[in-house]
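# Descriptive analysis of the structure
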Amino acid sequence: QKVTRSESSQARKSQHAEEAIFYMNCRAAYLTVLKSSLENIKSKEQLSLVLQQAGRNPSQKTVNKYWTSQTTTLNFDDFCTILKKEKPATKTELLEAFGKIDTDNTGYILHDELYKILTTRGEKMTLDEVSTITKQADFNCRGKLDYNKFCDLYMTTSEQCCKTAREKLEVDNRLKQQQFGSQAETSSEGITVPVSKPSPRISRKTDHKLAPTKGDSRTPSRPSSAQSCKASISTTLSLGASSNRSTKLIEPDTMKEWHCAQSKGCFYLEEDGEIISHKYKLNLPQRSTVCITIKPLNIRQVEGKSCHWLSVDTALYILKENETQENLQLVSFTEQQNKEMFGWKGELGSGIYWLLPFTTGCRLKKVKAQMTGEAKLVYRGEDGELALTKEFRAALSDIFETIDLDGNGLLSLEEYNFFELRTSGEKCDEEAWAVCKENFDMKKNELTRQGFMDLNLMEANDREGDPSDLWVTLLSLGYNKALEMTEACPFVIDIYAEKCKPRIKAIYLEAGSSQLNRAVCKSVVNKGEAKVMDGCENIIIYTYKMGRRITSVIENKSENKVIIHVNNEQSKNCLSNRGLTVFAVEVAPKSTMVSQHVMPLNEQEEWFYNCVHSLV
């Protein structure tokens, strides 16, 4: 019996090892083609390419089997399922296929015969494609193909393709950590100061006929593999419909005598699901009690139009610059809640602070377009002159309201350049701004709302009424073809200081970056409930509930990277930022990373969070 149990244990360990290697190869191939495991495969060509990176050589028939006329996207789990079904060809199978042609068993096939077969049978090749094969000196000689050598080279190339993908995953630290769209964070206390970089979503110079592809989240087709995991831990929380609004935050009205500063900003959703936003510097001249709040910006509401962004969760992480200005230290974050507003109240010493806006992505994510038409942006009046439609003018007014960060009703060059970076990836210099001043309405060297309208009308005139460039602008700012803002969330930050005048300034418009991810992880580790994984004391799961949001963080204290399987199948009325019910994450040695953020799908109903983290 002992021998039997030992053999059974060895078999299970072998199965675990094989499964871990399989998923490592899956991730390696996937991340060679796509930026993140959270990004979907969007075309047949992408599917074929990612299969090739996994050492497969799919025929068109194979690709069509998985990409039908109803398919719009395939996610990482779908890809894993396909790889399980489509095994790589073995040398024996290849030799058997060639042997059916080489009936005399000579080990060679004449080029003339090869041309005839490959250009007339099955998935027909062109003469040029066949010539590419026959010209390879490694396995061709005197008008014949040595198919034994061909098979050897094929197998070597296939393995090399997989090996290169694995090595890239190992060597490139960014890719290695970017499992399912999350960044793993090392245990270092320091946080690097952000580096300025433009974050254009789409260039005005691109082909305007190419509309952004709308990805949709799919229930994973890969079944739960929790049963094959070595250790696991379960976390369960049951929350009532009203419990997501029960935290306390001092009302700003009670601080009317305090000094106040305000800035607006916006979260923008990228094509790959990444979220970018403004980043701010706060200057506090002296030590003071402060109250910092953030909430979605409640701009003009049109009857019949949804205001999707008002339900998006927002938060601010407050980080302090040290004396060398090389690192940032987490001070606190906005965990107190008053309806849609989140805030923090406490004492801050004099100095420079970074304010990093954050949203989980639970509510701000890609949605499948369900529109029947396209809004009209411009029209020609009776005099033949172009004019902006009422609907487009309303949208532009909202955009102006959002990009007018200081709320003074005018656009400074700095504010306008955030708009330009987002929509075109370029900046407007002082000379170009002077030209704008000559042609459009300005006050105190700042562009007025009417000047902004006229600027867009000029763009329409430059294209003789073609709205392509205007749609590029709108799409990059989160609008759909019905002029609804569905992929952006404008917000407003208010800072109240009791003893001094605070100053806030937007510095960058960029993705969350490592310092924000580290701050999120650290806040959950500091305040969340910690559970050590049974049978594996080096793996700790932290779970923290803040208002209407639950965040879980995985800490790996071991010297080796680990793969954690996450299963939410028993949760009810829950919405995860992952878009997946079951998924896996890889956590680097001596690091922490966010497992997931979860919010109620319907806030008016009770929600039940049940998550099982298992070590594969």
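Residues numbered from 1 in each chain as written. Predicted model: local features only at pLDDT ≥ 70, side-chain atom pairs only at ≥ 80, totals over all residues. Heavy atoms only, no water.

### Comments concerning the pattern of salt bridges
To keep it simple, the criterion reads: Salt bridges, as used here, are contacts in which a Lys or Arg side-chain nitrogen is within 4 Å of a carboxyl oxygen on Asp or Glu. The secondary structure listing takes helices from DSSP runs of H or I that are at least 4 residues long and strands from runs of E that are at least 2 residues long, numbered from the N terminus. Only protein chains enter the calculation, and the probe is 1.4 Å; a residue is then buried if its accessible area is under 20% of its type maximum, exposed if over 50%, and partly exposed in between.
In total, this model carries 20 salt bridges according to the counting rule given. Asp 152 is paired through a salt bridge with Lys 91; the nearest N and O atoms lie 2.4 Å apart. With Asp 152 in helix H8 (residues 147-171) and Lys 91 in helix H5 (residues 91-101), this residue pair connects regions lying 61 residues apart in the sequence. Taking relative accessible area as the criterion, Lys 91 reaches 30% and is therefore assigned partly exposed. Notably, a salt bridge pairs Arg 422 with Glu 270, separated by 3.0 Å at the nearest N-O pair. Of this pair, Arg 422 sits in helix H11 (residues 413-423) while Glu 270 is found in the loop between strand S6 (259-269) and strand S7 (275-284), placing the two residues 152 residues apart along the sequence.

### Concerning the sheet that holds strand S5 (residues 231-239)
The criterion, for reference: Two strands are counted as paired when DSSP detects at least two bridges linking them. To obtain an axis, a line is fitted to C-alpha atoms, over the contacting stretch when the element is a helix, and the angle between two such axes runs from 0 to 180 degrees between their N-to-C directions.
Read from one edge to the other, the open sheet built from four strands follows the order S5-S27-S23-S25, with strand pairing classed as antiparallel. Strands at the two margins of the open sheet, each flanked by one partner only, are S5 and strand S25 (582-587). The mean inter-strand angle of the sheet, taken between neighbouring strand axes irrespective of direction, is 20°. In terms of strand pairing, strand S23 (residues 562-567) meets strand S27 (residues 607-615) through four bridges, oriented antiparallel. Note on S27: the bridge partner recorded for Ile 564 is Leu 615.

### Quick notes on the environment of Asn 148
Operational definition: Whether two residues are in contact is decided by their heavy atoms, any of which lying within 4.5 Å being enough.
Here Asn 148 shows up in helix H8. Note on Asn 148: relative accessible area 33%, which makes it partly exposed. Expressed as a C-alpha distance, the spacing of Asn 148 and Tyr 108, which sit 40 residues apart in the sequence, is 8.2 Å. Discounting residues that sit within four places of it in the chain, Asn 148 has contacts with Lys 91, Leu 95 and Gly 107.

### Details of helix H10 (residues 390-403)
Formally: Expected span of a helix: the number of residues minus one, times 1.5 Å.
For H10, built from 14 residues, the straight-helix expectation of 20 Å at 1.5 Å per residue is met to within 8% by its first-to-last C-alpha distance of 20 Å. Taken together, the buried positions of H10 are Phe 392, Ala 395, Leu 396, Ser 397, Asp 398, Ile 399, Phe 400, Thr 402 and Ile 403.

### Side note on the side chain of Glu 321
Spelled out, the test is: Polar contact is the term for a pair of N or O atoms within 3.5 Å; when the atoms are in protein, one must be able to donate a hydrogen and the other to accept it, and sequence-neighboring residues count only if both atoms are side-chain atoms.
For Glu 321, the location among the structural elements is in strand S9 (residues 315-321). A polar atom in the side chain of Glu 321 sits 2.9 Å from the side chain of Trp 354. Contacts of Glu 321, omitting those with residues within four sequence positions, involve Lys 281, Asn 327, Leu 328, Ile 352 and Trp 354.

### As for the confidence of the model for the chain
The predicted coordinates of low-pLDDT regions are not to be read in fine detail. Applied cut-off: Predictor confidence is given residue by residue as pLDDT, running from a minimum of 0 to a maximum of 100.
Considering every residue of the chain, the mean pLDDT works out to 82; 83% of them sit at 70 or more. This stretch, residues 173-228, has a pLDDT under 50; its non-local contacts, to residues over four places away or in other chains, come to 180 contacts.

### Some remarks on the sheet that holds strand S2 (residues 140-141)
Pairing in this open sheet of three strands is antiparallel, and the strands run S1-S3-S2 from one edge to the other. Every other strand in the sheet has two partners, leaving strand S1 (108-110) and S2 as the edge strands with one partner each. Of the strand pairs in this sheet, S1 and strand S3 (residues 144-146) are connected by three bridges, and their pairing is antiparallel. Its bridge partner lying in S3, Leu 110 is registered against Lys 144. Contacts from helix H6 (residues 111-120) reach S1, S2 and S3, with the element oriented near 75° to S1.

### Here's the deal with the packing of aromatic side chains
Under the convention used in this document: Ring pairs shown here join Phe, Tyr and Trp side chains whose ring centres sit within 6.5 Å, with only the six-membered ring taken for Trp; geometry is labelled stacked below 30 degrees between planes, edge-to-face above 60, and tilted in between. Distance and angle both matter: a charge sits over a ring if NZ of Lys or CZ of Arg is within 6 Å of the ring centre and within 35 degrees of the ring normal.
Scanning the entire structure with this criterion turns up 16 aromatic pairs. Each ring, one from Phe 139 and one from Phe 150, has its centre 5.1 Å from the other, and the planes form 85°; the classification is edge-to-face. Of this pair, Phe 139 sits in the loop between helix H7 (127-134) and S2 while Phe 150 sits in helix H8; the two residues are 11 residues apart in sequence, bridging distant segments of the chain. For Phe 139, a relative accessible area of 5% corresponds to the buried category. Three or more aromatic residues joined by ring pairs make a cluster, and in this case those are Phe 400, Tyr 416, Phe 419, Trp 433 and Phe 452. Across from the ring centre of Tyr 353, 5.4 Å away, lies the NZ or CZ of Lys 320, which sits over that ring.

### Structural notes on the pairing of strand S12 (residues 341-348)
Most of S12 sits inside the fold, with six of its eight residues counted as buried. In the sheet, strand S8 (residues 288-296) pairs with S12 via seven bridges, with the strands oriented antiparallel. In the sheet register, Ser 288 faces S12, and the bridge partner there is Leu 348. Sheet analysis places strand S11 (residues 336-338) next to S12, joined by three bridges and oriented antiparallel. Its bridge partner lying in S12, Asn 338 is registered against Met 341.

### Focus: unusual backbone geometry
For Arg 142, which is not glycine, the phi torsion reads 55° and is therefore positive. Relative to the assigned elements, Arg 142 resides in the loop between S2 and S3. Although it is not a glycine, Lys 339 adopts a positive phi angle of roughly 60°. Looking at where Lys 339 falls in the secondary structure, it is placed in the loop between S11 and S12.

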